[in-house]
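As a plain string of letters, each chain reads:
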Amino acid sequence: MAAGGPCQPGPEPVGTFVRRNARERGPVSVPGRRKAGPGRAGPAAMAEGSAELELFRRQWREELAGGAKRRRQEAAEPPAEPESRRSAEPPEPGYLALARGLLDGGGPPGPAPRSPAPARPAGQPAGDGGGDGDDLLGQLIRDLNEINEVPFFDIQLPYELALKIFQYLGKAELGRCAQVSRTWKILAEDEVLWYRLCQQEGYLLDTSISDRSCWKLVLRSCRARERALKTNWKNRIGAVSQLQYELGKILCDVHSCDGVVIAGYTSGEVRLWDTRTWDYTAPILEPAHGPGDAGPRPRVSCVRISSSLAVAAHEDGTVSVWSLMLGREPIHCYQHNQSIQALALGSAGATVATASGFEVKVESADDRGFWQTAGTFEIQKLVNFLNLVPDVTGSPVTIAAAEDIVYLLKAQVPGKVLHSVYGQPVTCLDVSAHEAAFGVKNFGWLLNEPNQILLYDLETSQCLKKMGNSIGDFTCVNLQNSPPNMLVSGNKDRRVRVFDLRRSESLCSLYAHQLGVSVVQMDDWKIVSGGEEGLVCVWDQRMGTKLWEMHARHPVRHVWFNSHSLITANIPNEKSPRGGSITDDDLTAHRKHRGIIYAYDFSVDQLAVESVIPICRSSYDEVTGYSYNVGLAVPYDNI
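Analysis parameters
Residues numbered from 1 in each chain as written. Predicted model: local features only at pLDDT ≥ 70, side-chain atom pairs only at ≥ 80, totals over all residues. Heavy atoms only, no water. Salt bridge = Lys/Arg side-chain N within 4 Å of Asp/Glu carboxyl O. Buried < 20%, exposed > 50% of the residue type's maximum accessible area, 1.4 Å probe, protein only. Helix = DSSP H or I, 4+ residues; strand = E, 2+ residues; numbered from the N terminus. Contact = heavy atoms within 4.5 Å. Polar contact = N/O pair within 3.5 Å; in protein donor to acceptor, adjacent residues only side chain to side chain. Core = buried A, V, L, I, M, F, W, Y, C linked by side-chain atoms within 4.5 Å. Pairing = 2+ DSSP bridges. Axes fitted to C-alpha atoms, helices over the stretch in contact; angles between N-to-C directions. Patch = residues over 30% accessible without salt bridge, like charges linked within 9 Å, V, L, I, M, F, W, Y side chains within 5 Å. Areas by Shrake-Rupley, 256 points an atom, 1.4 Å probe, with all protein chains shown as cover. Phe/Tyr/Trp six-rings, centres within 6.5 Å; stacked < 30°, edge-to-face > 60°. Lys NZ or Arg CZ within 6 Å of the ring centre and 35° of its normal. Parallel < 35°, antiparallel > 145°, perpendicular 65-115°, else oblique. Left-handed = near helix turned anticlockwise from the far one by under 90°. Nonpolar A, V, L, I, M, F, W, Y, C, P; charged D, E, K, R; others polar.

*Asks:* Please provide a residue-by-residue account of the pattern of salt bridges, values included.
*Replies:* Scanning the model with the defined rule gives 18 salt bridges in all. Here Asp274 ties to Arg276 by a salt bridge, and the two come within 3.0 Å at their closest N and O atoms. With a shortest N-O distance of 3.2 Å, Asp500 and Arg502 are connected by a salt bridge. Given a relative accessible area of 5%, Asp500 falls into the buried group. Residue class for Arg502 comes out exposed when judged on its relative accessible area of 57%. Here the residues in one salt-bridge network are Lys171, Glu201 and Arg223, joined through shared partners.

Okay, here's the thing in structure tokens:
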């Protein structure tokens, strides 16, 4: 019989059904019988009822006798079939014995307890218990077993409504509901429910429900892969590669987005790498050629990259914009009169902001791809930091920090001062879609306040929070890439601090970098920080402990990571070291001055057998080695 809900009983045996009717209503009613009215005589009604009951019993007895006769004939002449498939005749079902007792004596045969009905084979329909003699009873049972609705405790719900209720359950609750009954198991394993859970947990967001056949297994595999990646991160299991370009001379600036790395060099060249496909033969981005470009090109001062554009600014004030889809030639160029101090590129859309001297210029492209100047702003002081507010519809919004003043710049609107306190210069800046966070330095002679991080609302221009109480300067802050209501910062006092924006309190303070923290980024469980001494540290944010570290010669200026990869860049402060002339032919002798880019891969799909990040930073394929390139990293587990 079909399974029901946890509190919905299944169809009762026919004997019990008939016996209960006999107790409640007297003789079993048959089609065509009428109840005795108030005007009819009692004995006449009783006689008519007894006659009809005897007729019903006689028809039922004849039908049962005919079925028994057919069974005896089949037993006397069995059909030819293998001996292994022959079995003894099954005993008469319990409900037929009860029916015979009702027909013979009008009541159940004694107070013996009712035995449970035998289990029905998987291929046998409900009601086919002993042959053809139970046609009426089999039809009754089949009618009872036809459940077109989902049993939901003491009511019956349509499938769509029950599915809507199950959408509020998680993985564990759906697993428990699948153990209740067969109907609930089918409902709890519906593809709509598990596809919704995959989307809620951030897996395969760009796929539709028809792209996979079993979303429950997809969710299980995604979670297993996530656990494996976390284990590789914690145990330092993975592959590491160096992104080098010797002809570019000394590394000037590095930026990355979704695994694509852009680097600018003192030779004026701009290079791309795509670490997602491990394609290290990526093209060199060509600058715009003018009539007077016969001599050496000026060095690159800033580079930025997004999912569709790459931008580079040179020392002579030239800004070049490339499309990652079209090729090496720039799609847009413009010129400043002085060198460029800051560069910003919009994460979505085609918007570039540059700061040169006291001028901030914002360039953007329209729907047809034509570039134009969205706005030009005159600033009172030199701009140190520049950011574009992400996810802005309409005119782009720029946040510029010039010494001790923070500006909010919007096209076709005069510049607005967001924050200004004389004697408290801004030391770092980062923005999100609705807020801006920046560190301020207090000299101590004007206000008796420590160095802090201020959080401003961009819509109301009001200060929301003041966080931190440090003697050292805050050198870096990351708000855009941090989890919701969280902020991570680095300080010159060698500490990495994580703040809760709801309580304005520091959740943890991590001590590692001897010369101060230069760059930091975090996600929901780990923190990656870089220091001025060239050390990259990976932390477990919840435990507050260091997992592992790697060291290089120059300060760490760029850190980016996602679930399976990590990119770090060590950029030297000295761009023209002694003996590093561009006319020098011996490139290998001055490798220690150039800086280096590391790409780590913790993906289980590309993981080699027992592949561990090399503990010795030399490449092992060089003829000669140098003392500055044979240092060891910790832990010392593979020499």
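*Asks:* Describe helix H8 (residues 191-200), and please don't skip the residues or the numbers.
*Replies:* Of all the positions in H8, only Leu193, Trp194, Tyr195, Leu197 and Cys198 are classed as buried. Check the buried side of H8 and you find it contacts helix H5 (159-166), helix H6 (171-177), helix H7 (182-188) and helix H9 (215-235). Measuring from the side-chain oxygen of the N-cap residue of H8 to the backbone nitrogen of Val192 gives 2.9 Å; that N-cap residue is Asp190. Just beyond H8, the residue with positive phi is Gly202, at close to 85°.

*Asks:* How would you sum up the nonpolar core? Please name residues and give values.
*Replies:* Inside soluble globular proteins, nonpolar side chains tend to come together where they are buried. In this structure, Phe166, Leu174, Ala188, Leu193, Trp194, Trp215 and Leu219 are the most contacted members of the largest nonpolar core, which totals 19 residues. For this core, the secondary structure elements donating two or more residues are H5, H6, H7, H8 and H9. Broken down by element, this core gets its largest block of residues, five residues, from H8. Contact partners of Leu193, with chain neighbours within four places excluded, come to Leu163, Phe166, Gln167, Leu174, Leu187 and Ala188. Among the nonpolar cores identified, the runner-up in size contains 17 residues, and Val536, Met550, Ala552 and Ile596 belong to it.

*Asks:* Account for unusual backbone geometry, with residues named and values stated.
*Replies:* Positive phi, normally seen in glycine, also occurs at Arg236, with a value near 60°. Along the polypeptide, Arg236 turns up in the loop between H9 and strand E3 (239-243). Residue classification places Arg236 among the buried residues on the basis of a relative accessible area of 2%. Located in the positive-phi region is Gln412, a residue other than glycine, with phi close to 65°. Inspection of the secondary structure assignment puts Gln412 in the loop between strand E18 (405-410) and strand E19 (413-420). Relative accessible area serves as the criterion here: at 79%, Gln412 is assigned to the exposed category.

*Asks:* With reference to specific residues and values, describe the sheet that holds strand E34 (residues 596-601).
*Replies:* On the basis of which strands lie adjacent, the open sheet formed by four strands has the order E3-E34-E33-E32 and antiparallel pairing. Here the strands that pair on one side only, and so sit at the sheet edges, are E3 and strand E32 (556-561). Across the sheet, the mean angle from the axis of one strand to that of its neighbour is 15°, orientation sign disregarded. In this structure, E32 lies alongside strand E33 (residues 565-570), joined through five bridges in antiparallel fashion. Looking across to E33, one finds that Val559 is bridged to Thr568.

*Asks:* Go over a nonpolar patch on the surface with me, naming the residues and quoting the values.
*Replies:* Together, Met325, Leu326 and Ile331 line one region of the surface with nonpolar side chains, adding up to about 350 Å² of accessible area. Mapping Met325 onto the fold places it in the loop between strand E10 (318-323) and strand E11 (332-335). Overall, the relative accessible area of 67% leaves Met325 in the exposed class.

*Asks:* Give me the lowdown on the side chain of Ser603, citing residues and values where you can.
*Replies:* Positionally, Ser603 belongs in the segment after E34. What makes Ser603 buried here is its relative accessible area of 6%.

*Asks:* Any chance you could break down the sheet that holds strand E12 (residues 342-345) for me, citing the residues and the numbers?
*Replies:* Pairing in this open sheet of four strands is antiparallel, and the strands run E12-E13-E14-E15 from one edge to the other. Each of the sheet's edge strands pairs with one partner strand only, and the pair in question is E12 and strand E15 (371-378). Strand-to-strand twist in this sheet, taken as the mean axis angle between neighbours without regard to direction, amounts to 15°. Bridge count between strand E13 (residues 351-356) and strand E14 (residues 359-365): six bridges; the pairing is antiparallel. Bridge pairing in E14 places Thr354 opposite Lys361.

*Asks:* Which residues make up the packing of aromatic side chains, and what are the values?
*Replies:* All told, the structure shown has ten aromatic pairs when counted by the stated rule. Geometrically, the ring pair formed by Trp548 and Phe602 is tilted, given 6.1 Å between the ring centres and 50° between the ring planes. Separated by 54 residues along the polypeptide, Trp548 in strand E31 (residues 545-551) and Phe602 in the segment after E34 bring together distant segments of the chain. For the pair Trp548 and Phe602, a shared accessibility class is recorded, and that class is buried. The interplanar angle of 35° and the centroid separation of 6.1 Å between the aromatic rings of Tyr598 and Tyr600 together place this pair among those described as tilted. Residue Tyr598 is classed as buried on the basis of its relative accessible area of 8%. Through pairs of rings, three or more aromatic residues link up here, namely Trp233, Trp548, Phe561, Tyr598, Tyr600 and Phe602. Above the plane of the ring of Trp233 lies Lys526, whose end atom (NZ or CZ) is 4.5 Å from the centre.

*Asks:* Could you give an account of the packing of H8 against H9, naming the residues involved and the relevant values?
*Replies:* Interaxial distance between H8 and H9 falls to 8 Å at its minimum, and their mutual angle equals 25°. Accordingly, the angle class assigned to the pair H8 and H9 is roughly parallel. The two elements H8 and H9 meet at a crossing, and its hand is left-handed. Taken together, the residues of H9 that come into contact with H8 (itself represented by Glu191, Trp194, Tyr195, Leu197 and Cys198) are Trp215, Lys216, Val218 and Leu219. Of the residues that constitute the contact of H8 with H9, the class distribution is seven nonpolar, no polar and two charged.

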